[in-house]
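Structure assessment
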Amino acid sequence: MRGAAETSFHNTAGRLRAGRKDTAQGKTGGRVQVVCRKFISFAVTSGPMRPCTTKTHGTMEKYKIGIIGAGHIAIKMANTLNAMQDAEAYGIAARDIAKAEAFAAAHNVAKAYGSYEALADDPDVDLIYIATPHSLHYAHARMCLERGKAVLCEKAFTANAAEAAELIRLSEQRGVFLAEAIWTRYMPFSRTIAEIVGSGAIGTPNMLTAHLGYPVGTVPRILRPELGGGALLDLGVYTLNFASMCFGADIARIDSACTMSDTGVDLQDSITLRYNDGRMAILQATALCANDRHGAISGDRGYIVVDNINNPLHATLYAPDHTAVRTYDAPAQITGFEYQVQACIDAIRDGRVEPPCMPHAESLRIMRIMDGLRREWGVVFPNDDFRG
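If you're wondering where the values come from, they're calculated on a predicted model, not measured in any experiment.

In terms of regular secondary structure, the protein chain is built from ten helices and 15 strands. Burial status across the protein chain gives 57% buried among its 388 residues. Across the protein chain, the fraction of contacts at a sequence separation of at least 24, relative to all contacts at a separation of at least 6, is 73%. In the structure as shown, the protein chain presents an accessible area of about 15200 Å², 51% of it carried by carbon and sulfur atoms.

On to the nonpolar core, then. Within the largest apolar cluster, 119 residues are counted, with the highest numbers of intra-cluster contacts made by L81, L152, L208, L273, L283, I297 and M370. Considering every element that reaches this core, the biggest residue donor is helix α8 (residues 231-247), with eleven residues. Other than its neighbours up to four places away in sequence, L273 contacts L240, A243, I251, R253, I254, R279, M280, A281 and L283.

Attention now moves to the pairing of strand β15 (residues 324-329). Bridging between strand β14 (residues 314-318) and β15 involves five bridges; their strand directions are antiparallel. Opposite H314, over in β15, you have D329 as the bridge partner. Between β14 and β15, which pair antiparallel in sequence order, lie five residues; one of them, H322, sits at a positive phi of approximately 75 degrees.

The next point concerns the sheet that holds strand β6 (residues 150-154). Strand order in the open sheet made by the six strands is β4-β3-β2-β5-β6-β7, with parallel pairing throughout. The two strands at the open ends of the sheet, each matched to only one other strand, are β4 (111-113) and β7 (178-181). Going from strand to strand, the sheet's axes swing by 25 degrees on average, the running direction of each strand aside. In this sheet, strand β3 (residues 87-93) lies alongside strand β2 (residues 63-68) in parallel orientation, the contact comprising six bridges. Bridge pairing links I68 to A93 in β3. Relative to β6, helix α4 (residues 137-146) is tilted by about 170 degrees, and along the sheet it contacts β2, β5 (127-130), β6 and β7.

Moving on, we come to empty space enclosed by the protein. Applying the stated criterion across every chain, the model contains two cavities of 30 Å³ or more. Considering the residues around the largest cavity, the lining is formed by T184, S190, I193, F242, M245, C246, V306, N308, I309 and P312. Of all the secondary-structure elements, those providing two or more residues to the lining of the largest cavity are α6 (188-198) and α8. Sorting elements by how many residues they give to the lining of the largest cavity places α8 first, with three residues. A volume near 30 Å³ is recorded for the second largest cavity. Every residue along the wall of the second largest cavity is listed here: M187, P188, F189, P312, A330, P331, Q333 and Y339. Looking at the lining of the second largest cavity, its residues break down into seven nonpolar, one polar and no charged.

Summarising the element assignment, A162 is placed in helix α5 (residues 161-174). C-alpha separation for the pair A162 and D385, spaced 223 residues apart in sequence, amounts to 9.7 Å.

Moving on to the packing of α5 against helix α10 (residues 360-377). One way to put it is that α5 packs onto α10 with a least axis distance of 9 Å and a crossing angle of 165 degrees. The orientation of α5 relative to α10 falls into the category roughly antiparallel. Where α5 crosses over α10, the handedness of that crossing is left-handed. Two secondary-structure elements touch here, α5 through A161, A162, A164, A165, I168, S171 and E172 and α10 through H360, L364, M367, R368 and D371. Considered class by class, the residues forming the contact of α5 with α10 number seven nonpolar, two polar and three charged.

Counting buried positions over the five residues of strand β13 (residues 302-306) gives four, a clear majority of the element. By the bridge criterion, five bridges tie strand β12 (residues 295-299) to β13 in an arrangement that is antiparallel. Residue pairing across strands places G295 opposite V306, the latter belonging to β13. Between β12 and β13, which pair antiparallel in sequence order, lie two residues. As defined by bridge partners, β13 adjoins β14 across four bridges and the pair is classed as antiparallel. Considered in β14, the bridge of Y303 is made with Y318.

Criteria and thresholds
Residues numbered from 1 in each chain as written. Predicted model: local features only at pLDDT ≥ 70, side-chain atom pairs only at ≥ 80, totals over all residues. Heavy atoms only, no water. Helix = DSSP H or I, 4+ residues; strand = E, 2+ residues; numbered from the N terminus. Buried < 20%, exposed > 50% of the residue type's maximum accessible area, 1.4 Å probe, protein only. Contact = heavy atoms within 4.5 Å. Areas by Shrake-Rupley, 256 points an atom, 1.4 Å probe, with all protein chains shown as cover. Core = buried A, V, L, I, M, F, W, Y, C linked by side-chain atoms within 4.5 Å. Pairing = 2+ DSSP bridges. Axes fitted to C-alpha atoms, helices over the stretch in contact; angles between N-to-C directions. 1 Å grid on protein atoms, 1.4 Å probe; cavity = no way out; pocket = protein on both sides within 12 Å on 5 of 7 lines; lining within 4 Å. Points joined across faces, edges and corners; volume = space filled by probe spheres on them. Nonpolar A, V, L, I, M, F, W, Y, C, P; charged D, E, K, R; others polar. Parallel < 35°, antiparallel > 145°, perpendicular 65-115°, else oblique. Left-handed = near helix turned anticlockwise from the far one by under 90°.

Okay, here's the thing in structure tokens:
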């Protein structure tokens, strides 16, 4: 077992490192180690997030959406697009044309491509959704942006903040749309939860908890550092975003602990955010087991329990004596992915380079928090050699 250690540090955003694009074979399985760390937050404080509001466009032509990567998450996106009014599942790209053609036939996608570049070169494609491993997000998003293609890139946005900053620079310099596909940030019910917290229904909010766990610790994309593996970028990112949506960005200090695999990635994370006004958020993410996936926000007059921070459908308001006062329900959804797609379409039509509910600065802020956590735990990716 690796020994426990504690350190603290101030803003180190200027020392960020990041990225090679190679994906050499990595080890899997094995024993785990525990690492504990604490640090002063170097997150950039930002103002309240602006909400995303979707629009109904009636007879306007559908946006043609291309998908890079033909894995499980791409299937969910294709199914979503096939049920949307404003979008069309237009193209799927894989390194193997046979795989792309099979995907297109199975999931009602109009065109198949045997390379990612071929999809990005198609002049009819309006927006490209990137559904490849974390370590490849930077290379694939950059390739699309350089060809003038709008990008919706799966979370975690990139492997590290340096890669994220370079993509944002390129997007803003060229005036090409770029967004992170962290689907919970776009859901109208997430906004409802934040509004309940801000309404006074629970009094003054003081404490937040968020849990997310699935037994995926033996999956290669989780275990392999060259794929940007670990629980943090795959699961912990949702807990951080839940805290950000409810409590904002005015973080004074972050304390954390993780359980490490023998491949050098985190498998379980415990993260405590301390805010300048005294509030606290206690976050747990695990790739070793399932958990309740609940989020809770507690105040001096009650508390709210959210059923699933990874796709919130119900939130129950409780009185201080633990009696249920009211349950709020999310609107009916296709899969939940439709909100991020529609937000991108609306932003592009409005001439924006980012969606208002997940602006570039917020994606970068979350990436910097995760960089700091990884650095203190000793989780290193090949991408961390990135120099721009």
